[in-house]
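Descriptive analysis of the structure
Spelled out, the chains give:
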Amino acid sequence: MARLSMSAICVLIFIGDIAKADNNFLTGANDIIAVVDEDGDIKASPFNVQFGKKDIWLPRSGHVVSLEVNEKDVPVGMVLDNEGQAYFPTLKSDGSSNRQYRFWSALLGLGNPSPIVRTNSATSSQLSRLGLQMGPNPIMYRVTTSSGSIVTTSAVIHLMNNTAKLVISDIDGTVTKSNIQGMLLPALGLSDWKHDGVVELYRKIANQGYQIVYLTNRAIGQSDMTREYIYSLAEALYKMPRGPVLLQIDSLLGALQTEVIVGQPEVNKIAALNRVKGLFPENPFFSGFGNKAWDILAYKALNIDPDMIFSVGEDSILISEGTRIFTNYTDLMERVSIMYPLLNV
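Definitions and cut-offs
Residues numbered from 1 in each chain as written. Predicted model: local features only at pLDDT ≥ 70, side-chain atom pairs only at ≥ 80, totals over all residues. Heavy atoms only, no water. Helix = DSSP H or I, 4+ residues; strand = E, 2+ residues; numbered from the N terminus. Buried < 20%, exposed > 50% of the residue type's maximum accessible area, 1.4 Å probe, protein only. Contact = heavy atoms within 4.5 Å. Areas by Shrake-Rupley, 256 points an atom, 1.4 Å probe, with all protein chains shown as cover. Pairing = 2+ DSSP bridges. Phe/Tyr/Trp six-rings, centres within 6.5 Å; stacked < 30°, edge-to-face > 60°. Lys NZ or Arg CZ within 6 Å of the ring centre and 35° of its normal. Axes fitted to C-alpha atoms, helices over the stretch in contact; angles between N-to-C directions. Core = buried A, V, L, I, M, F, W, Y, C linked by side-chain atoms within 4.5 Å. Polar contact = N/O pair within 3.5 Å; in protein donor to acceptor, adjacent residues only side chain to side chain. Salt bridge = Lys/Arg side-chain N within 4 Å of Asp/Glu carboxyl O.

As a further point, take the overall build of the protein chain. A count of helical and extended segments in the protein chain gives 11 helices and 19 strands. The 345 residues of the protein chain split such that 49% are buried. Sequence separation of at least 24 residues holds for 67% of the intrachain contacts in the protein chain that already meet a minimum separation of 6. As presented, the protein chain carries roughly 16,400 Å² of accessible surface, and 56% of it is formed by carbon and sulfur atoms.

By the criterion of burial, strand β12 (residues 211-219) is predominantly enclosed, with 9 of the 9 residues buried. Of the two faces of β12, the one holding Gln 211, Val 213, Leu 215, Asn 217 and Ala 219 and the one holding Ile 212, Tyr 214, Thr 216 and Arg 218 are both buried throughout. Inspection of the sheet shows strand β11 (residues 166-170) paired to β12 by 5 bridges, in the parallel sense. Each bridged residue has a counterpart across the sheet, and for Ser 169 the counterpart in β12 is Tyr 214.

Turning to the packing of aromatic side chains, a few remarks are in order. As enumerated under the stated definition, the model contains 6 aromatic pairs in all. With 5.0 Å between their ring centres and 40° between their planes, Tyr 210 and Phe 286 make a pair best called tilted. Taken together, the residues span a long stretch of sequence, with Tyr 210 in the loop between α5 (198-207) and β12 and Phe 286 in strand β16 (residues 285-290) at a distance of 76 residues. Phe 286 sits in the partly exposed class, given a relative accessible area of 24%. The structure contains a cluster of three or more aromatic residues connected by ring pairs, namely Tyr 202, Phe 289 and Phe 310. Here the guanidinium or amino end of Arg 242 rests over the ring plane of Tyr 231, the centre of that ring lying 4.1 Å away.

An order of β15-β12-β11-β16-β17-β18-β19 is seen for the 7 strands of this open sheet, with the pairing classed as mixed. Every other strand in the sheet has two partners, leaving β15 (245-248) and β19 (326-328) as the edge strands with one partner each. Going across the sheet, the axis of each strand differs from the next one's by a mean of 25°, ignoring polarity. Here β12 runs beside β15; their pairing, made up of 3 bridges, is parallel. For Leu 215, the partnering residue across the bridge sits in β15 and is Leu 246. Against the sheet, helix α9 (residues 293-301) touches β11, β16 and β17 (309-312), its axis set at about 175° to β17.

It is worth spelling out the nonpolar core at this point. Ranked by size, the top nonpolar core spans 30 residues in total, and within it Phe 47, Phe 51, Val 65, Leu 130 and Tyr 141 carry the most contacts. Those elements that provide at least two residues to this core are β2 (32-36), β3 (42-44), β5 (64-69), β6 (72-80), β7 (86-89), β9 (135-144) and β10 (150-161). With near-sequence residues (within four places) excluded, Val 65 lies in contact with Phe 51, Gly 77, Met 78, Val 79, Leu 80, Ala 86, Tyr 141, Arg 142 and Val 143. By size, the runner-up hydrophobic cluster in this structure holds 29 residues, among which are Leu 201, Ile 205, Tyr 214 and Met 240.

What follows is about the environment of Arg 142. Relative to the helices and strands, Arg 142 is located in strand β9. Setting aside anything within four residues of it in sequence, one finds Arg 142 in contact with Val 64, Val 65, Ser 66, Glu 68, Asp 73, Ile 150, Val 151 and Thr 152. There is a polar contact of 3.1 Å between the side chain of Arg 142 and the side chain of Asp 73.

In this section: the side chain of Thr 174. As for its placement among the helices and strands, Thr 174 is situated in the loop between β11 and α4 (179-184). Among the polar contacts made by the side chain of Thr 174, one reaches the side chain of Asp 170 at a distance of 3.2 Å. Once you skip the residues sitting within four places of it in the chain, Thr 174 turns out to touch Ser 169, His 195, Val 198, Tyr 202, Phe 289, Gly 290, Asn 291, Val 312 and Tyr 329.

A sheet is described by the order of its strands in space; here 8 strands give the open sequence β3-β2-β10-β9-β5-β6-β7-β8, paired in mixed fashion. On the outer flanks of this sheet lie β3 and β8 (118-119), each paired with one strand and no other. Direction of pairing for β6 relative to β7: antiparallel, over a ladder of 2 bridges. Looking at the pairing, Val 79 lines up with Tyr 87 of β7.

To continue, consider unusual backbone geometry. The phi dihedral of Asn 303 is positive, around 65°, even though this residue is not glycine. Here Asn 303 shows up in the loop between α9 and β17. Its identity is not glycine, yet Ser 316 carries a phi of approximately 70°, on the positive side. Along the chain, Ser 316 falls in the loop between β17 and β18 (317-320).

A few words now on the pattern of salt bridges. Following the criterion strictly, the structure yields 14 salt bridges and no others. The closest approach of N and O atoms between Asp 73 and Arg 142, which form a salt bridge, is 3.1 Å. Within this pair, whereas Asp 73 is found in strand β6, its partner Arg 142 is found in strand β9, the two being separated by 69 residues in sequence. Take Asp 73: its relative accessible area is 57%, and that puts it in the exposed class.

This is how it looks when you write it as structure tokens:
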């Protein structure tokens, strides 16, 4: 392992110290996986939304978040807490709420409701009012600040049947060639820092009826940049398949701390994927691609067949966790119809 310079060590220590504070400067939102059953009932992954200090300074607590789905306003709303994270207020049994609307408590960050009366999970009734259609549904979150300015952030609700099969892919080091460079270089306009063949392979897997889910420890404030990067990738006639993009619910510095300093990003990934797994009547995860030991650990924890878990090296060589056989993107492309049998969708 390469030795870190003293300046690099100081930067990592600095990141570790300040990541503990409220550093949510950027605005962003996770995509949402929504699952409909045979009776038409819908369940969905959390609505993780962050309005950063760049757009709304203080007080953030109490701002109302309006929702627009498929370019139409919907009768469902959220509220911001003092850190700019949106939630659905829930009522107690007597119909009242514990939310406090005092100016100073909101200003000082003391006015958040207790965890019992707030959630980022929409009810089946709320989801039924969103006018969702099968496939991708663009959602926009809109806040009107106290100064009258309007701040928005967008994501996508992916509605699928409860028989869908999912293929999980890490982004940094799996789609891109390395973790940190893959996280930073796209921001500098260097968007082709990817493994050759990954776009064609993922497109062919998607053509077999599988839903690709992109999972990353990038901060939620990088959501727009990450989606733009993923969907900009192309190889010959192939484009990266659309799919839910799930990021870490943290600041940029917090995400770097998790990825580089703390070194336990599998905890976040397992938690996020378990929430998705709970939306389905049986395990929806069919395969997984990652480049770190913690990616493989997360996929194994979700009971994915080890033969269908692939560790990706910087040289674009893939290793099956189950068979320990070395392969590459070209070989998998040639065998995709065998390894990923066509689904009835």
